[in-house]
Amino acid sequence: MIVLRASLALAVALGVQIVLGLWAPGLTRWVDVLLFPVAWYALAVSQRAGLVVGCVAGLLQDAWLQAEMFGASGFSKSLLGWALGGLAARFELNVAWGRATAGALLPVIDRLVLLGLRALFDRGVVAPDPVELAVRAGAGALLTLGVFATMDRVLKIDPRRGRRARPPR
C-alpha cells in the first residue's frame, strides 16, 4: 500500500511540476514540487522510504524535466531523503517548525549538491545567487507547511503522533 501511495504522490508532484512549467515557466526556478514527497516520506514514514522516494523523484525529474547529467537529481534527492529521514528518526521533526525547516533547507541543499556534482563532473558552474537561495528557502518553507497541513487534513493524521488518528468510540 505504501508503494501505491508513494507512486501516486510522485505522479501528482510530477504532473504539478510539468503544469507549473507550462503555465508559469519562471516559477520552476523558485519551486521544486518533487521535493514535497521526499520531505513527506522522510519525515512521516521512515529513512528508507525517504531515500527510495528521493531516488525515484530525482530520476523522474532527470528523465522528464532536465536534459543533462542524468542521475544527478536522483543522487541529490536520495541523499536529502536519507539525511532528513535519519534526522527525523532521531528527533521529532514531524511538527510545524520541523516541517518548515525541512521545507526551507531541502531546496537550498538540493541546489548546492547539484552545483557540487556539476563541479565534480567538470560542467560549467556558476556561483549560486543568495537571493535565489533565500527565495527558494522561503517558498519551500511556506509551501511545505501548506502541503503538509492539507495532507494531514485529507489523511486525518494526528500531528503529535505522525499517524492516523483513531476514530472516537
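See the structure printed just above.
Analysis parameters
- Residues numbered from 1 in each chain as written.
- Predicted model: local features only at pLDDT ≥ 70, side-chain atom pairs only at ≥ 80, totals over all residues.
- Heavy atoms only, no water.
- 1 Å grid on protein atoms, 1.4 Å probe; cavity = no way out; pocket = protein on both sides within 12 Å on 5 of 7 lines; lining within 4 Å.
- Points joined across faces, edges and corners; volume = space filled by probe spheres on them.
- Helix = DSSP H or I, 4+ residues; strand = E, 2+ residues; numbered from the N terminus.
- Nonpolar A, V, L, I, M, F, W, Y, C, P; charged D, E, K, R; others polar.
- Core = buried A, V, L, I, M, F, W, Y, C linked by side-chain atoms within 4.5 Å.
- Buried < 20%, exposed > 50% of the residue type's maximum accessible area, 1.4 Å probe, protein only.
- Contact = heavy atoms within 4.5 Å.
- Salt bridge = Lys/Arg side-chain N within 4 Å of Asp/Glu carboxyl O.
- Phe/Tyr/Trp six-rings, centres within 6.5 Å; stacked < 30°, edge-to-face > 60°.

Q: In this structure, what is going on with the layout of surface pockets? I would like to understand it.
A: One way to see where empty space is left: roll a probe the size of a water molecule over the atoms. By volume, the second largest pocket amounts to about 570 Å³. Every residue lining the second largest pocket is counted, 23 residues in all, and those nearest its centre are Q61, L65, Q66, R111 and L114. Among the secondary structure elements, those contributing two or more residues to the lining of the second largest pocket are α1 (2-23), α3 (47-65) and α5 (96-120). The leading source of residues in the lining of the second largest pocket is α5, at five residues. Considered class by class, the residues forming the lining of the second largest pocket number 10 nonpolar, six polar and seven charged.

Q: Got a minute to help me understand the nonpolar core in this structure?
A: What tends to happen in soluble globular proteins is that the nonpolar side chains get buried as a cluster. Counting residues in each nonpolar core, the largest one holds 26 residues, and the members touching the most others are V33, Y41, L43, V53, L84 and L106. Only α1, α2 (35-44), α3, α4 (72-90) and α5 provide two or more residues apiece to this core. Residue contributions to this core peak at eight residues, all from α2. Each residue touching V53, except ones within four places of it in the same chain, is listed here: A6, L10, P37, V38 and Y41.

Q: How should the pattern of salt bridges be read in this particular structure?
A: Think of it this way: side chains of opposite charge can pair up when their charged atoms draw near. Throughout the structure, instances matching the rule amount to six salt bridges. For E132, the salt bridge identified is with R29, shortest N-O distance 3.4 Å. Remark: R29 occurs in the loop between α1 and α2 and E132 occurs in helix α6 (residues 130-155); sequence separation between them is 103 residues. One salt-bridge network, held together by shared partners, links R29, R111 and E132.

Q: Is there a simple way to think about unusual backbone geometry in this case?
A: Unusually for a residue other than glycine, M69 sits at a positive phi of about 50°. Among the secondary structure elements, M69 is positioned in the loop between α3 and α4. A positive phi is found at D122, a non-glycine position, where the angle reads about 60°. Position of D122 among the secondary structure elements: in the loop between α5 and α6.

Q: What is the right way to read the packing of aromatic side chains from this model?
A: Any aromatic ring pair is given by two values, namely how distant the centres are and how the planes are angled relative to each other. Evaluated as defined, the whole model comprises one aromatic pair. Where W40 meets F148, the ring centres are 5.1 Å apart and the plane angle is 80°; that geometry is what we call edge-to-face. Taken together, the positions of W40 in helix α2 and F148 in helix α6 put the pair 108 residues apart, joining distant regions of the chain. Take W40 and F148: they sit in the same class, and that class is buried.

Any link to function would need more than the numbers given here.
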